[in-house]
Amino acid sequence: MTYLLLDGHFGNNNALQMARQLNLHLIAKLRQDSAFYFPYEPSESEQKTRTKYGNRLKIGQLAAKYLKEKTTDKDKITTEIY
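Please read all numbers here as calculations on a predicted model, not as lab measurements.

J.: Please explain the overall build of the protein as it appears in this structure.
T.: Helices and strands together make up the secondary structure of the protein, namely one helix and six strands. Moving toward the C terminus, one meets the helices and strands of the protein in the order β-α-β-β-β-β-β. Expressed along its principal axes, the backbone C-alpha trace of the protein runs to roughly 50 × 35 × 25 Å. Within the protein, buried positions represent 9% of all 82 residues.

This is the structure we're talking about:
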């Protein structure tokens, strides 16, 4: 078994950590209030701070550099994997 499929209620960090400890990949629908952030990367002019997160990731506005694969099927449905 490689994947663990859970309800959207379990789309959180605790469930992810549990799955990873068992060497599984978690598949879950994310909660509506979920938020993703880029890692914080200070510039050379900034001193190190206790900042944990970088800018908030906006799903509909991902940069093209993160696009890994794009396919369009015969029904003209496009799937993008970032």
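J.: When you look at the pattern of salt bridges in this model, what are you seeing that I'm missing?
T.: A side chain with one charge can pair with a side chain of the opposite charge if their charged atoms come near. Tallied over the full model, the rule gives one salt bridge. Across the pair Glu80 and Lys70 runs a salt bridge, and its minimum N-O distance is 3.6 Å. Linking Glu80 in strand 6 (residues 78-81) with Lys70 in strand 5 (residues 69-72), this pair joins segments that are ten residues apart in sequence. The class of Glu80 is partly exposed, set by a relative accessible area of 38%. Among the residues examined, Lys70 registers a relative accessible area of 52% and is labelled exposed.

J.: For this particular structure, what's the right way to read unusual backbone geometry?
T.: Glycine aside, residues mostly have negative phi, and peptide bonds are mostly found in the trans state. One non-glycine residue with positive phi stands out, namely Asn23, at about 60°. A residue is classified by how much of its surface remains accessible, and Asn23, at 62% relative accessible area, is exposed. Phi is positive for Lys76, close to 65°, though the residue is something other than glycine.

J.: Explanation requested: the packing of aromatic side chains in the structure shown.
T.: Two aromatic rings are characterised by how far apart their centres lie and by the angle between their planes. Tallied over the full model, the rule gives two aromatic pairs. Ring geometry for Tyr37 versus Tyr53: centroids 5.1 Å apart, planes at 35°, classification tilted. Placement of the pair is Tyr37 in strand 3 (residues 36-39) and Tyr53 in strand 4 (residues 53-57), with a sequence separation of 16 residues. Judged by relative accessible area, Tyr37 falls into the partly exposed class, the value being 38%. On the basis of relative accessible area, Tyr53 is assigned to the partly exposed category, the value being 48%.

J.: Is there a simple way to think about the layout of surface pockets in this case?
T.: A probe matching the size of a water molecule, rolled over the atoms, marks out where space remains unfilled. Reported here for the largest pocket is a volume of approximately 300 Å³. In terms of lining, the largest pocket is formed by ten residues, of which the most central are Asn12, Asn13, Leu16, Leu30 and Phe36. Contributing elements (two or more residues each) for the lining of the largest pocket: helix 1 (13-21) and strand 2 (25-28). Broken down by class, the residue content of the lining of the largest pocket amounts to six nonpolar, four polar and no charged.

Quick notes on the rules
Residues numbered from 1 in each chain as written. Predicted model: local features only at pLDDT ≥ 70, side-chain atom pairs only at ≥ 80, totals over all residues. Heavy atoms only, no water. Helix = DSSP H or I, 4+ residues; strand = E, 2+ residues; numbered from the N terminus. Buried < 20%, exposed > 50% of the residue type's maximum accessible area, 1.4 Å probe, protein only. Salt bridge = Lys/Arg side-chain N within 4 Å of Asp/Glu carboxyl O. Phe/Tyr/Trp six-rings, centres within 6.5 Å; stacked < 30°, edge-to-face > 60°. 1 Å grid on protein atoms, 1.4 Å probe; cavity = no way out; pocket = protein on both sides within 12 Å on 5 of 7 lines; lining within 4 Å. Points joined across faces, edges and corners; volume = space filled by probe spheres on them. Nonpolar A, V, L, I, M, F, W, Y, C, P; charged D, E, K, R; others polar.

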